[in-house]
Amino acid sequence: MTLIGPGQTIGILGGGQLGRMLALEAKRMGYRVITLDPEPESPCGQVADAQIVAPYDDLEAVRQLGRAADVLTYEFENVSATSVRALEAEGRRVHPSSAVLAITQHRLREKTFVASLGIGVPAFRAVASVEDVERAAREIGFPAVLKAVSGGYDGKGQIVVRTLEEAREAFGRLTAHARGSPTEGPPMIWEQWVSFAKEVSMIGVRDERGTLVTYPLVENTHVNNILDTSLVPARVSPRVEEEARQIVRAIGEHLRIVGVYCVEMFLREDRLLVNEIAPRPHNSGHYTLDACMVSQFENHVRAICGLPIVAPLLRSPAVMVNLLGDGRGHRLMGVERILEDPRVRVHLYGKKEARPGRKMGHLTVLAENVDEALDLARRARGQLQWG
Ligand code: AMP
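Residues numbered from 1 in each chain as written. Predicted model: local features only at pLDDT ≥ 70, side-chain atom pairs only at ≥ 80, totals over all residues. Heavy atoms only, no water.

J.: Looking at this structure, how should I read the site of the ligand?
T.: Among the 16 residues in the neighbourhood of the ligand, the closest are listed as Lys-147, Glu-191, Gln-192, Glu-199 and Asn-225. In this structure, an oxygen atom belonging to the ligand sits 3.3 Å away from a side-chain N or O atom of His-222. The contact in question runs from an oxygen atom of the ligand to an N or O atom on the side chain of Glu-276, over 3.0 Å. In the complex, 96% of the free accessible area of the ligand, which totals 480 Å², lies under the protein chains. Only strand 6 (144-148), strand 8 (188-192) and strand 14 (271-278) provide two or more residues apiece to the shell around the ligand. The class makeup of the residues in the shell around the ligand is 5 nonpolar, 6 polar and 5 charged. (Near = heavy atom within 4 Å. Polar contact = N/O pair within 3.5 Å; in protein donor to acceptor, adjacent residues only side chain to side chain. Areas by Shrake-Rupley, 256 points an atom, 1.4 Å probe, with all protein chains shown as cover. Helix = DSSP H or I, 4+ residues; strand = E, 2+ residues; numbered from the N terminus. Nonpolar A, V, L, I, M, F, W, Y, C, P; charged D, E, K, R; others polar.)

Written out as structure tokens, the structure is:
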């Protein structure tokens, strides 16, 4: 394994907030960073050494990024697998590989893969026709969620259905959606709606030698399908945490991932069901910047560059809350009030327009225990407003 050392260049496909936080950690460690994103002065572009302004699937631009970088990664799993393959075909070092991306960006392949390891997933069926919808309704039942196999995130491309009529209508809408991002095979899946006790996630990191480390289990709350709150350590039994760790290890080992990844799971009674795998740093791991000795972003840099990855030490219980735009304005007001408390850490992504539901930043609060951190985090967020 060749070492990519400080002074060398990391190329990041995608210039959003994950790329930005990755770039900030990489810069701290002495690396050069170049990113590619269609939006000029993207969150990552603002802190990187350079940005190529181009769509993610512009192969010429992607190759230009490849020539400029010693190692490449992506911060967004909807970046096209074709772009990553093009880089690999030129002999560039890209982590995680296009094979990992091809599975994790396709819900049907992803669920089939996870189930093949004997790990629990919500009951699902591939859906390509109204007849498939009717069959899935008989076999799995309601409520259910129809999800486009690709191109969806943060709840986009998915529709909850409670009746056959709703399901037929959702099928029509998702068929139209699928035309925008054509894939081979069935365009959507029918998934059982899980009445879970908690949503949890765990970050794993694996390097080229096969060393694998995991972060603590995180407890998540979503609002309108978008992550709202992450709390660590999760309030679950040690047995559940250990089972999650085994799941995360098995997935990382079988996919032979190099880099950071996240597995999102539903906890139902005492059983874990895998919802999604993200082959990149994850929103539910942002707390690691403030609460762990080595953040998910630093461990990602270490893994893709051939440096030692280390098991993270949790310094303190922590709660992260996302800051979303709400359409009321683009300036965040009240930061000066919450910064009086040293336990509150503010992270903003440098996005100019605070569109409703857009992830603009997050707060991490460290406290003696998660309940106190949760209370503080909510109160701190309540003092902020867009105007
Ligand atoms: P996803 O994009 O698949 O991660 O879905 C976003 C969020 O929607 C999840 O974090 C859950 O809160 C909810 N969700 C998705 N699928 C299901 C399901 N099968 N049962 C219950 N909730 C779900």
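J.: When you look at the sheet that holds strand 3 (residues 50-53) in this model, what are you seeing that I'm missing?
T.: Remark on secondary structure: sheet strands pair via backbone hydrogen bonds, oriented parallel or antiparallel. Read from one edge to the other, the open sheet built from 4 strands follows the order 3-2-1-4, with strand pairing classed as parallel. Two strands close off the open sheet at either side, each with one partner strand: strand 3 and strand 4 (71-74). Mean inter-strand twist for the sheet, computed between neighbouring axes without regard to direction, equals 20°. Taken together, the 4 bridges between strand 1 (residues 9-13) and strand 4 define a ladder with parallel strand orientation. (Pairing = 2+ DSSP bridges. Axes fitted to C-alpha atoms, helices over the stretch in contact; angles between N-to-C directions.)

J.: What's the story with the nonpolar core in this structure? I'm lost.
T.: The nonpolar side chains of a soluble globular protein tend to be buried, and buried together. If you look at the biggest cluster of nonpolar residues, it comprises 28 residues, and the most contacted ones within it are Ile-251, Met-265 and Val-274. Top contributing element to this core by residue count: helix 8 (residues 238-255), with 6 residues. Counting only domains with at least three residues in this core, you end up with domain 2 (123-192) and domain 3 (198-386). If we ignore the near neighbours within four places in the chain, the residues touching Ile-251 are Phe-113, Val-114, Leu-117, Ile-119, Val-263, Val-274 and Ile-277. Formed by 21 residues, the second largest nonpolar core is a distinct cluster that contains Leu-323, Leu-363, Val-365 and Trp-386. (Core = buried A, V, L, I, M, F, W, Y, C linked by side-chain atoms within 4.5 Å. Buried < 20%, exposed > 50% of the residue type's maximum accessible area, 1.4 Å probe, protein only. Domains from an automatic or database assignment. Contact = heavy atoms within 4.5 Å.)

J.: What's the story with the side chain of Thr-288 in this structure? I'm lost.
T.: Relative to the helices and strands, Thr-288 resides in helix 9 (residues 288-291). Those residues in contact with Thr-288, other than ones at most four positions away along the chain, are Tyr-215, Ser-295 and Gln-296.

J.: Whenever I open this one, the pattern of salt bridges confuses me. Can you help?
T.: Oppositely charged side chains can pair when the atoms bearing their charge come close. One pass over the full model with this rule turns up 31 salt bridges. Arg-28 is the salt-bridge partner of Glu-298, the closest N and O atoms lying 2.7 Å from each other. With Glu-298 in helix 10 (residues 296-305) and Arg-28 in helix 1 (residues 17-28), the pair connects residues that are 270 residues apart, well separated along the chain. By relative accessible area, Glu-298 is classed as buried at 9%. The closest approach of N and O atoms between Arg-328 and Asp-326, which form a salt bridge, is 3.4 Å. (Salt bridge = Lys/Arg side-chain N within 4 Å of Asp/Glu carboxyl O.)

J.: Help me understand the packing of aromatic side chains in this model?
T.: Given two aromatic rings, one states the distance between the centres and the angle between the planes to describe the pair. Throughout the structure, instances matching the rule amount to 3 aromatic pairs. Aromatic pair Phe-142 and Trp-190: ring centres 5.4 Å apart, planes at 70°, arrangement edge-to-face. Note that Phe-142 is positioned in the loop between helix 6 (130-139) and strand 6 and Trp-190 in strand 8, a separation of 48 residues in sequence. Of the residues examined, Trp-190 reaches a relative accessible area of 0% and is grouped as buried. (Phe/Tyr/Trp six-rings, centres within 6.5 Å; stacked < 30°, edge-to-face > 60°.)

J.: Please clarify how the packing of helix 1 against helix 10 should be interpreted in this entry.
T.: Helix-helix packing is characterised by the crossing angle of the two axes and by the distance between the axes. At a minimum axis separation of 9 Å, helix 1 and helix 10 run at an interaxial angle of 70°. Taken together, the axes of helix 1 and helix 10 are roughly perpendicular relative to one another. With respect to the hand of their crossing, helix 1 and helix 10 are arranged in right-handed fashion. Where helix 1 approaches helix 10, its residues Leu-18, Met-21, Leu-22, Glu-25, Ala-26 and Arg-28 are matched on the opposing element by Phe-297, Glu-298, His-300 and Val-301. In terms of residue class, the contact of helix 1 with helix 10 is built from 6 nonpolar, 1 polar and 3 charged. (Parallel < 35°, antiparallel > 145°, perpendicular 65-115°, else oblique. Left-handed = near helix turned anticlockwise from the far one by under 90°.)

J.: Before we go on, may I ask you to explain the environment of Asn-275 in this structure?
T.: Mapped onto the fold, Asn-275 is located in strand 14. Given a relative accessible area of 10%, Asn-275 falls into the buried group. If we ignore the near neighbours within four places in the chain, the residues touching Asn-275 are Glu-110, Lys-111, Lys-147, Glu-191, Glu-264, Met-265 and Phe-266. Within the structure, Asn-275 has its side chain in polar contact with the side chain of Lys-147 (distance 3.4 Å).

J.: Please clarify how the domain arrangement of the protein should be interpreted in this entry.
T.: Interfaces are frequently sized by the accessible area removed from exposure as the parts join. Its domain assignment divides the protein into domain 1 (9-94), domain 2 (123-192) and domain 3 (198-386). Contact with domain 1, which involves 22 residues of that partner, is made by 27 residues of domain 3. Taken together, the two surfaces of domain 1 and domain 3 that pack against each other cover about 2000 Å², and 61% of this comes from carbon and sulfur. Counting the surface domain 1 buries against domain 3, the share from its top three residues, Gln-17, Leu-18 and Met-21, is 26%. Here domain 1 and domain 3 share 3 salt bridges between them. (Buried area = accessible area lost by both parts, 1.4 Å probe.)

J.: What exactly am I supposed to notice about the pairing of strand 15 (residues 318-324) here?
T.: Remark: a regular strand shows side chains that alternate across the two faces of the sheet. Within strand 15, 6 of the 7 residues are buried, leaving the element largely enclosed by the surrounding structure. Sheet analysis places strand 12 (residues 226-232) next to strand 15, joined by 4 bridges and oriented antiparallel. Bridge pairing in strand 15 places Thr-229 opposite Val-321.

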